[in-house]
Amino acid sequence: MKRSKMSGVVLIFMIVSLFVFSGCGGGGGGTAALPGGTVGGGAGSGVISGTAVKGPMDGATVRAYAISNGTKGMQLASAMTDSQGNFSMTIGDYTGPVMLLMSGGSYTDEATGSMMTMGMTDKMTAIIPMMSSGETVTVQVTPLTSMAQAMANNMTSGMTTTNSQTANTSVGMYFMVNDILHTTPMNPLVTDSGVGATQDMKNYGMTLAAMTEYAKALGMPDSSGIVTAMMNDASDGVMNGMMGGTSITMGGGMSMMGGGTMMSSTAGTSGLATAMTTFIGSPMNKSGVKAADMSALVSQLTMTNGTI
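So, here's what we can say about the structure. The structure presented is a predicted model; accordingly, all values stated were derived computationally and were not measured. (Residues numbered from 1 in each chain as written. Predicted model: local features only at pLDDT ≥ 70, side-chain atom pairs only at ≥ 80, totals over all residues. Heavy atoms only, no water.)

## Things to note about the overall build of the chain
Along the backbone of the chain there are 7 helices and 13 strands. By residue count, 50% of the 308 residues in the chain fall in the buried class. Residue pairs at least 24 apart in sequence account for 67% of intrachain contacts in the chain once pairs closer than 6 positions are excluded. (Helix = DSSP H or I, 4+ residues; strand = E, 2+ residues; numbered from the N terminus. Buried < 20%, exposed > 50% of the residue type's maximum accessible area, 1.4 Å probe, protein only. Contact = heavy atoms within 4.5 Å.)

## A short note on the side chain of D233
Among the secondary structure elements, D233 is positioned in helix α5 (residues 224-234). As a buried residue without a salt bridge, D233 has its nearest oppositely charged side chain in K54, at a separation of 16 Å. Within polar-contact distance, the side chain of D233 engages the backbone nitrogen of N240 at 3.0 Å. A distance of 3.0 Å separates the side chain of D233 from the backbone nitrogen of G241, its partner in a polar contact. (Lys, Arg positive; Asp, Glu negative; His and termini not counted. Salt bridge = Lys/Arg side-chain N within 4 Å of Asp/Glu carboxyl O. Polar contact = N/O pair within 3.5 Å; in protein donor to acceptor, adjacent residues only side chain to side chain.)

## As for the packing of aromatic side chains
In the structure shown here, the tally under the stated rule is 1 aromatic pair. Seen from their ring centres, Y174 and F175 are 4.9 Å apart, and the 75° between their planes marks the pair as edge-to-face. Classification of Y174 by relative accessible area gives buried; the value is 5%. (Phe/Tyr/Trp six-rings, centres within 6.5 Å; stacked < 30°, edge-to-face > 60°.)

## Section: the environment of G241
With respect to the helices and strands, G241 occurs in the loop between α5 and β12 (242-243). The spatial distance from the C-alpha of G241 to the C-alpha of A267 is 6.7 Å, given a sequence separation of 26 residues. The residues touching G241, leaving out its near neighbours within four places in the chain, are D233, T246, S247, I248, M263, S264 and S265.

## Re α5
Taken across its 11 residues, α5 has 11 buried, putting it largely inside the fold. When α5 is considered as a whole, its buried residues turn out to be S224, G225, I226, V227, T228, A229, M230, M231, N232, D233 and A234.

## Things to note about the sheet that holds strand β10 (residues 124-131)
Here we have 4 strands laid out as an open sheet, ordered β5-β4-β7-β10, and antiparallel in their pairing. Each edge of the sheet is formed by a strand with only one pairing partner; in this case those strands are β5 (71-80) and β10. Mean inter-strand twist for the sheet, computed between neighbouring axes without regard to direction, equals 25°. Where strand β4 (residues 61-68) lies against β5, 7 bridges are found, and the strand directions are antiparallel. In the sheet register, S68 faces β5, and the bridge partner there is T71. Sheet contacts for helix α3 (residues 161-174): β7 (96-103) and β10; angle to β10, the most-contacted strand, approximately 125°. (Pairing = 2+ DSSP bridges. Axes fitted to C-alpha atoms, helices over the stretch in contact; angles between N-to-C directions.)

## Focus: helix α4 (residues 199-218)
Taking 1.5 Å per residue, 20 residues should reach 28 Å; α4 reaches 28 Å between its end C-alpha atoms and fits that length. In terms of residue burial, α4 counts as a mostly covered element, since 14 of its 20 residues are buried. Note on α4: the residue one or two positions beyond its end, G219, has a positive phi of about 75°. (Expected span 1.5 Å × (residues − 1).)

## So, the packing of helix α6 (residues 270-280) against helix α7 (residues 295-303)
The contact between α6 and α7 brings their axes to 7 Å, and the two run at 150°. Comparing their axes, α7 and α6 come out roughly antiparallel. The segment α6 lies against α7, with S270, L272, A273, M276 and T277 engaging L297, V298, L301 and T302. Its residues assigned to classes, the contact of α6 with α7 comprises 6 nonpolar, 3 polar and no charged. (Parallel < 35°, antiparallel > 145°, perpendicular 65-115°, else oblique. Nonpolar A, V, L, I, M, F, W, Y, C, P; charged D, E, K, R; others polar.)

## Here we look at the packing of helix α2 (residues 143-153) against α5
Orientation of α2 relative to α5, taken along the N-to-C sense of each, is 35°, at an axis distance of 8 Å. Along this stretch, α2 crosses α5, giving a crossing that reads as right-handed. Residues P143, S146, M147, Q149, A150 and M151 of α2 form the contact with α5, whose own contacting residues are V227, M230, M231 and A234. (Left-handed = near helix turned anticlockwise from the far one by under 90°.)

## Focus: the sheet that holds strand β6 (residues 86-92)
One open sheet accounts for 3 strands, arranged β6-β3-β11; its pairing is mixed. Because the sheet does not close on itself, it has two edges, and the strands there are β6 and β11 (136-141). Strand-to-strand, the axes of this sheet are offset by a mean angle of 20°, without reference to chain direction. As paired elements, strand β3 (residues 46-52) and β6 share 6 bridges and run antiparallel to each other. For G50, the partnering residue across the bridge sits in β6 and is F87.

Here you go:
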């Protein structure tokens with residue numbers, strides 16, 4: 001009888017232990033809820049790949065963040081770009097909007113042909129409005145996606161799926177690029193890159209080149225600073241050299257006292273149009289794209305009141 005009772009106790013203990021350990025294991029299918037997104041308990045297979053372009057970013061770090069309540073949340077993954085700006089990372093089975101943030105690295109400046117290093121305080125960003133668990137997406141991280149992210153972040157409720165979609169679309173319409181997140185910018189430093197390129201790809205590539213040409217005209221030592229300035233300008237939805245009611249310095253910050261080089265009120269409008277025309281006619285433009293190919297976008301930038 002004693003042995004029988006002892007066997008029963010051991011059996012009960014084993015059953016209870018099984019339930020306890022199965023409930024605490026790391027491979028379960030339960031989910032941890034995030035406001036605006038969900039992270040599953042399994043390994044998952046979601047992948048974000050793409051290209052960081054200011055020309056192509058070499059050796060930059062791209063980090064993916066969950067977006068929680070319209071703001072940047074926990075980091076999901078990170079990756080380094082190769083010499084062509086390409087990156088790829090696995091984010092498990094996260095579901096929800098994602099913010100990408102790129103820092104560091106170097107690039108060939110379109111206007112000068114010089115190799116430049118991304119400024120320490122300069123970043124490029126992008127928002128993927130929604131990802132499903134296990135989904136694979138390929139995106140671009142550029143000055144235009146950065147402007148859209150800054151705009152969405154400043155909207156009521158922040159970087160929600162709806163705001164992110166609106167900002168991506170609005171910035172695209174402003175620069176006549178149908179889809180800034182997925183369209184590959186033409187690289188004007190590559191010989192005949194305009195041959196076979198769509199108008200969207202030409203508009204995208206020439207807009208990025210125009211930014212570097214504008215930075216060159218101002219004598220900026222690193223053209224990555226123009227990205228930060230354009231992000232700040234776009235954040236309130238109007239390209240007028242102001243962030244809200246405050247003037248923007250070309251170093252990327254703001255100034256109430258006028259210190260440093262102040263961003264022109266026409267930098268993001270006719271200033272870019274003039275810079276684009278200058279670049280098209282320069283020997284740095286090896287794409288084969290002519291002024292006539294860009295006349296619609298140049299005209300739009302010249303005539304706009306700056307509203308994105």
